[in-house]
Amino acid sequence: MAQKRSEELPVAGDTGILFYVNGKEVCVKSPDPEMTLLYFLRNELRLTGTKLGCGEGGCGACTVMVSHYDPASDKVQHHAVNACLAPLCTVDSLAVTTVEGIGSTKTTLHPCQERIARAHGSQCGFCTPGFVMSMYTLIRNNPNPTEEEIENAFDGNLCRCTGYRAILEGYKTFSKGYCCKGATGSGKCCQKGPETSREPIEGSSVLFDASKFIPLDPTQEPIFPAALKLKGSPKPLLIRGPRVQWYRPITLQQLLDLRDRFPQHSEQGKPQCRILSGNTEIGVEVKFRGALYEVLIYPSHVPELHVLELQEEGLLVGAAVSLTRLAAKLKDLQQTLPEYQTRVFTALLEMLRWFGGQQIRNVASIGGNIINASPISDLNPTLMAVGTKLNLASKGSKRTLDMDSSFFLGYKQTALQSNEVLVSIFIPFTRKDEYVHSYKQARRRQDDIAIVNAGMRVLLEPSSPHCIVRECSLCYGGMSYITVMAKKTQQAIVGKPWCEPTLTEALQLLPEDLPLAPDAPGGMVEYRKSLATSFFFKFYLSVLSQVSAEPLPLELESITKPFSREPVQSTQGFQRVSGDQSDIDVVGRPVMHLSALKQATGEARFTDDIPLTKGELYAALVLSSHAHARITVDASQALEMEGVKDFVSVDDVPGSNITGGLLSLQGTALDEQVFADGTVTHFGQVIGVVVAESQSLAQRAAQAVQVTYQDLPSVITIQDAIAAKQFFPTVRTISQGDVDSALASAEHLLEGEIAVGGQDHFYLETIACIATPKGEDGEMEIEASTQGLAGTQTMAARALGVPDNRVVAKTKRIGGGFGGKETRTFYVTTAIAVAAHKVQAPVRIMLDRNENMMSSGGRHPFLAKYKIGFTSEGRVTGLDLQLYSNGGISLDLSQGVMDRAVTHVDNVYNLPDVCITGQVCRTNIPSNTAFRGFGAPQAMLVCEHLMENVATTLKLPPEKVRALNFYRDGDITPFAQAMPQCHIRRCWQELINRSQYDERRMKTDSFNKSNLWKKRGLAIIPTKYGVAFGRPFLNKGGALLHVYTDGSVLLTHGGMEMGQGLHTKMVQVCARCLGLPPERVHIMETSTDTIPNASPTAASSSTDLYGMAVKDCCDQLLERLKPYMAADPKAGWEEWVKRAYYDRVNLSVQGFYRTPGLDFSWTTGTGRSYDYFSYGASCSEVEVDTLTGDFNVLRSDLLMDVGDSLNPAIDIGQVEGAFTQGLGLFTLEQCVRLEGSQQTQRGHLFTTGPGTYKIPSSSDVPVELNVSLMDRTPNPRAIFSSKAVGEPPLFLAASVFFAIKDAIAAARAGQGLTGVFKLDSPATCERIRMACVDQFTKQACHPSDGDAKKWTIDV
């Protein structure tokens, strides 16, 4: 790197960049090439609306708009970009727009901000700015988009709260010819008047009025900075950072000179140089794999790399052409060229359709995709199959390579020489009798890497009766460490007719071409093998349909069509408030979330958005990479790094190093350590904390801390724990009747087991906190993203060795929690408090997504073993059930989770003779913890599995068997609780009618008879959920109300706002009780110095508890004001308050509520466990591609009992969000741990970010989603007759799981397989495909591989 620069490189002084942010010029004289745009925006410009959600371009929370001027077209082009991946140096001469730059609550809202807020599309709000900016970019490019274009704009944005429906509906008001489609319930369009085809929902009403939205006026958008238009020709750049040099050549010769000087070395110890375009791969390598590239070359202004030229025989594409630009060009050519010539373009577009998200495609280049040489590249198989040619150049020479089987030499290695540059790619047209198709299967359809993909080409010679194969290319990704050709198969079929015997021969040869060892990286070996042959079968049929004079049989036709999906449709139904309710009384009305507008403008403050204070330091955790080992720690190398202030470990804890989860009456569950003390006992355990001047430095220093491990025996899975008899001590048992006799005398008996996998919380805001020593008496203030402030306070005080009253914990809002921040934030907040105490300075941390996922735990995996007896009519007579959960290393909340599981395994069914036991396994993984549903979804899935198997065994409709076993009013559960007001039968019948279940059942059966390889499934599933904390002492809530002399009200309560609308509902309750408009009531934050000893915001109980506490405050206050109100009823609120003030009446009130009657005893098996039950039912219809396991949810109808809804907009949002999270739990989300190898420990977590862990995206929600809240179901046990809504609806998503199982059963029946079969949860594409047993799966499965070591393990 000390080599002399060439004359064509920048002269001294050309080392800065100039760009615009929100219309203001920004000049950075010496930028650090390692700095991202996101870091600069948040930390240098303090534009904190742009969020860090994942750091790998997979969630969209960091989306900004980047604009540049194209002199050739004299147009400004706008692109949505992931700021977390964009190097700051790439925005030189560009204009960046953040969410703050388009509107504000203090000035004027932009329609993109207003509509997502008023359409109730913002809950926790952490993802909201990203959605706003994706939408804003779309309408800047296209002010009149279609609904499909709007939905596609969000393929790179994730939301964990809303379920997407509200976001899509709000933004579809921008679409061409927007119409509400009768969603008002009148059956008439909101704009046009005539009736629509959609039937109105009984009791439905509007959640928002689109006619009141701010109109979009494209002429009022900010103007692109004139200075950038006039800047002239770009200049080369050389920017020297502390560790990295950044070069931006502007000519091809400059680029080749640089590449010659800085070749791409593969050897360690030599300077590492990379050419980057979108930084979508290099950025991930640097951040998450510790890669350091001392030289980065950015050829953004080299003209030859950006060419898009139509030539006589094909298309020449510059290597730096973005995938978005390429796709646009291919679409244009489809419209202008003969169809046969563009078949290759159609195949490429099919791949580009699913390639990353919009933000990734906007910056990623075709050349980068090729040279990265990923074995699962979406484009390389198709480019290889069609005979693509690669134009290479080096200093002084040029050459052209065929992109064939010799191009990829090894894992991420190509035939390029170390000093060569890929300049352009030539993609030939297809010929008249040439056919090309591409295929991909991933865990999630949208924005996901492939499990297997393929590009296939065949050139046929017309002949009779069958065309003859003249050329063939079959190229696969995901079947080796490189993109591979199936050479034997290709050679064997050339010269043969395109007919069934040739198909059969190819299917027999493909496994020889594509061998996979049982422990092949990536796992899913049998599935991948079946995909390889299934893809060729699809290819065969597709080509046959194109060349044959006769159409394919109807039962085969559907499998040849590319996946398509209609835009999402929806309806919402809820009970209207009575006509005589006061206008200022907003209880029961669909009121917007109080923070929604601030969240949409980026003004809402989250923990890491708090401005830095003078002297503040940043922390990074040193986490265990082993499951169980003795350790020695050497931090000397880290401490030698300039700017590193300290290393904090067990030796620095001033109080107790013993910590734990939630307090209990029996003592404390103190079975964890703040810092590992000589031994680590689980993956992700905190060993120490590095404190430094910046986040990046702290993280680099944490990686420099050397930990030596001496491994000890470890237990990872439930099966491991059962074998080792490693359980936590308490065994829960619920027994009713004589189960042994019932099973012995049963007409029918089934036994078996089912597993339900875990789930990561994947809240968009990772764990964050700031600990600030106050300088006297050991006082400490902790601002944290947590659901449990009291626990944060207590555990920090314990570690600091001070009383609780010296520590104040507070939070403004949380970017999602779902139970994951109830106790599993304490390990971070306590460690950071100790660090702040040691350095006596404020210390901040926000975990990276991978750190969060590997250390925080998640939903408990469950294993159930059962025996069930039943009659020939389907009535259950006996059940013996053992439940096992994987609790992780410490007890945490696992016992409570198991308690709820064993009390919910009955779901809605009256089971007369049962014995249910539950045990928590102790394993060497992070403690699993609370997660929305708290064990109930796992248990209820087991129950519904049993009901399904009973129906299958008896060949009865499952819905009939379920209804036969329903509870009735007054029935007693196995845990001795009576069930008054049991609404399940009414709920069930209403949903059967609303969903048109019987009619659709017949249509589904008809579809399945007409389609061989696509099957539809339909299922209707009930749910019951008990509402209360499992520990009685937690069922309490406090509130504090201040009234000021101007009549304004400041309300505080013990609950945290995390997107569920708790603050909004509390303001509604307070306003109703005091008779005030809600604008007079304000909530600032939640803190332990205002509401002490508060229970965690969890168990779906916060509205019940704090609503009654707020009401208690209001009742007390009104009692104090009563004399003044009676003396002068017309004086009004402000006057009453002033008179009371002058009379020295206390206008500050503390309220409190404790839930009565909760007295269940596990010892006696008597008492009341839950305050009340919520009921619901859902009906879902799916379509499954049985050759791949891919599925599409066609329609879901949800009906939920929420009592008298306090806020229908929030409650429907909670139902939809819970349903979508449940959809992830039961179908998509799989926590993968590795079996172990030379590189990784057994049990190492593979799924540590959105690249490998897939929560539902906007394209995974039902195409048609109908949600209704039951009416006339008032609940006398909660505030204003309402019911809890956060957790109860999650299990509604089980209807999708069982609809999938129904479709699989139809596929199996077509293969002559009937009867009970096992489908564990989640029903991933792999499990779906392998359950659809056919010739392809049989060929892929080898009995000899059964005992071989696999790549992954089930925990």
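I will try to describe carefully the structure that is included in this document.

Rules behind the numbers
Residues numbered from 1 in each chain as written. Predicted model: local features only at pLDDT ≥ 70, side-chain atom pairs only at ≥ 80, totals over all residues. Heavy atoms only, no water. Axes fitted to C-alpha atoms, helices over the stretch in contact; angles between N-to-C directions. Helix = DSSP H or I, 4+ residues; strand = E, 2+ residues; numbered from the N terminus. Parallel < 35°, antiparallel > 145°, perpendicular 65-115°, else oblique. Left-handed = near helix turned anticlockwise from the far one by under 90°. Contact = heavy atoms within 4.5 Å. Nonpolar A, V, L, I, M, F, W, Y, C, P; charged D, E, K, R; others polar. Pairing = 2+ DSSP bridges. Core = buried A, V, L, I, M, F, W, Y, C linked by side-chain atoms within 4.5 Å. Buried < 20%, exposed > 50% of the residue type's maximum accessible area, 1.4 Å probe, protein only. Expected span 1.5 Å × (residues − 1). Salt bridge = Lys/Arg side-chain N within 4 Å of Asp/Glu carboxyl O.

For the rest of this paragraph, the subject is the packing of helix H15 (residues 500-513) against helix H16 (residues 525-547). The description of two packed helices rests on the angle between their axes and on the distance between the axes. Put simply, H15 and H16 touch, their axes get as near as 10 Å, and they point 160 degrees apart. Comparing their axes, H16 and H15 come out roughly antiparallel. Here H15 runs over H16; the crossing is right-handed. Across the interface between the two elements, Glu 500, Leu 503, Ala 506, Leu 507, Leu 510 and Pro 511 from H15 touch Ala 532, Thr 533, Phe 536, Phe 537 and Tyr 540 from H16. Residues that form the contact of H15 with H16 fall into these classes: 9 nonpolar, 1 polar and 1 charged.

Before going further, it helps to examine the sheet that holds strand S44 (residues 1081-1083). As summarised here, the arrangement of the 4 strands in space is S44-S43-S42-S46, forming an open sheet in which the pairing is mixed. Edge positions in the sheet fall to S44 and strand S46 (1148-1154), since each has one partner strand and no second. Here the average twist between neighbouring strands, direction ignored, is 25 degrees. Across 3 bridges, strand S43 (residues 1049-1053) lies against S44 in parallel orientation. When the bridges of S44 are listed, Val 1049 appears paired with Val 1081. Against the sheet, helix H32 (residues 1102-1127) engages strand S42 (1036-1043), S43 and S46, with an angle of about 140 degrees to S46.

For the rest of this paragraph, the subject is the nonpolar core. Counting residues in hydrophobic clusters, the biggest one holds 142 residues, and the most contacted among them are Phe 19, Ile 366, Ile 427, Tyr 476, Trp 498 and Phe 536. It is H16 that contributes the most residues to this core, 12 residues altogether. With near-sequence residues (within four places) excluded, Ile 427 lies in contact with Gly 314, Leu 315, Val 317, Val 344, Phe 345, Leu 348, Ile 366, Leu 383, Val 386 and Thr 388. Ranked by size, the runner-up nonpolar core spans 114 residues in total, among them Leu 750, Phe 934, Ala 1209 and Ile 1212.

Turning our attention to helix H31 (residues 1062-1074). Under the 1.5 Å per step criterion, the end-to-end length of H31 is 18 Å for 13 residues, consistent within 8% with the ideal 18 Å. By the burial criterion, the buried members of H31 are Leu 1062, His 1063, Thr 1064, Lys 1065, Met 1066, Val 1067, Gln 1068, Val 1069, Cys 1070, Ala 1071, Cys 1073 and Leu 1074. Looking one or two residues beyond H31, the residue adopting positive phi is Gly 1075, at roughly 70 degrees.

The subject of this paragraph is the side chain of His 761. In this structure, His 761 sits in the loop between strand S33 (748-756) and strand S34 (768-773). Judged by relative accessible area, His 761 falls into the buried class, the value being 1%. Residues in contact with His 761, not counting those within four places in the same chain, are Arg 160, Gly 817, Phe 818, Gly 819, Gly 820, Gly 857, Gly 858, Thr 929, Ala 930, Phe 931 and Gln 1221.

What follows covers the pattern of salt bridges. According to the stated counting rule, one finds 79 salt bridges in the structure shown. Note that Asp 585 and Arg 1072 form a salt bridge whose closest N and O atoms lie 2.9 Å from each other. With Asp 585 in the loop between strand S21 (569-573) and helix H18 (596-601) and Arg 1072 in helix H31, this pair connects stretches of sequence that are 487 residues apart. Owing to a relative accessible area of 13%, Asp 585 belongs among the buried residues under this scheme. Ionic pairing is found between Arg 824 and Glu 672, a salt bridge with its closest N-O pair at 2.8 Å.

Another point: unusual backbone geometry. In this model, Ser 464 is joined to Pro 465 through a cis peptide bond whose omega is 5 degrees. Topologically, Pro 465 is positioned in the loop between strand S18 (450-461) and strand S19 (468-477). The residue Arg 46 is not glycine, and still its phi comes out positive at about 60 degrees. Here Arg 46 shows up in the loop between helix H1 (37-44) and strand S3 (63-70). The phi angle at Asp 892 is positive, at roughly 45 degrees, despite the residue not being glycine. Considering the arrangement of structural elements, one finds Asp 892 in the loop between strand S39 (876-888) and helix H26 (894-902).

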